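# Secondary and tertiary structure notes
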Amino acid sequence: QVQLVESGGELVEPGGSLRLSCRISGSIDGINDMGWYRQAPGKERELVALFTGGGGTNYADSVKGRFTISRDNAKNTVLLQMNSLKPEDTALYYCKANIWRSGRGSSDYWGQGTQVTVSS
């Protein structure tokens, strides 16, 4: 069984900062990619930032220069530092990982989400 548990979302004023954390646990033989997506009310889920299987990173254009993804491989944790937050960053933020399990192949796993609200 694999679990992704996010934390760190809260209400913050415009211009503020937050750090989201996602811990991946369970029976894991490899992680191909991992990162963050978000979904605002009435909108589709979109990529925010991702570590690709090749070791690079992808960022949504709307967050480049403001958000930074990082990871702690020893703890199977992926972080998202969000600076200069804007009201349009308000969304439910999801952690996602493509995980390889011996005998089961690779599958996408999602966390339950953590709410980020940017408002004065």
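Here's a quick rundown of the structure. Not measured: the values here are computed from a predicted model.

Moving on to the nonpolar core. The biggest cluster of nonpolar side chains holds 28 residues, and the ones touching the most others in it are Trp36, Leu80, Met82 and Tyr93. Looking at this core, the elements with two or more residues in it are strand S1 (2-7), strand S3 (18-26), strand S4 (30-39), strand S5 (46-51), strand S7 (67-72), strand S8 (77-82), strand S9 (91-101) and strand S11 (114-118). Top contributing element to this core by residue count: S9, with 5 residues. With near-sequence residues (within four places) excluded, Tyr93 lies in contact with Glu6, Leu20, Trp36, Tyr37, Arg38, Val48, Phe67, Leu80, Met82, Gly113, Thr114 and Val116.

It is worth spelling out the environment of Ile24 at this point. Note that Ile24 resides in strand S3. For Ile24, a relative accessible area of 2% gives the class buried. Each C-alpha atom, one on Ile24 and one on Thr77, is 6.1 Å from the other, the two residues being 53 residues apart in sequence. What Ile24 contacts, discounting residues up to four positions off in sequence, is Val2, Gln3, Leu4, Ile31, Met34, Asn76, Ala97 and Ile99.

Turning our attention to the pairing of S5. The pairing of S4 with S5 spans 5 bridges and is antiparallel. If you follow Trp36 over to S5, its bridge partner there is Ala49. From the end of S4 to the start of S5, which pair antiparallel, there are 6 residues, and Gly42 there has a positive phi angle of about 80°. Both S5 and strand S6 (residues 57-59) contribute to a ladder of 3 bridges, which runs antiparallel.

We now examine the state of the cysteines. In total, this model carries 1 disulfide according to the counting rule given. Here Cys22 pairs with Cys95 through a disulfide, and the sulfurs are 2.1 Å apart. Every disulfide takes its handedness from the sign of the S-S torsion; for Cys22 and Cys95 that torsion is -80°, giving left-handed. Separated by 73 residues along the polypeptide, Cys22 in strand S3 and Cys95 in strand S9 bring together distant segments of the chain.

Cut-offs and rules
Residues numbered from 1 in each chain as written. Predicted model: local features only at pLDDT ≥ 70, side-chain atom pairs only at ≥ 80, totals over all residues. Heavy atoms only, no water. Core = buried A, V, L, I, M, F, W, Y, C linked by side-chain atoms within 4.5 Å. Buried < 20%, exposed > 50% of the residue type's maximum accessible area, 1.4 Å probe, protein only. Helix = DSSP H or I, 4+ residues; strand = E, 2+ residues; numbered from the N terminus. Contact = heavy atoms within 4.5 Å. Pairing = 2+ DSSP bridges. Disulfide = S-S within 2.5 Å.

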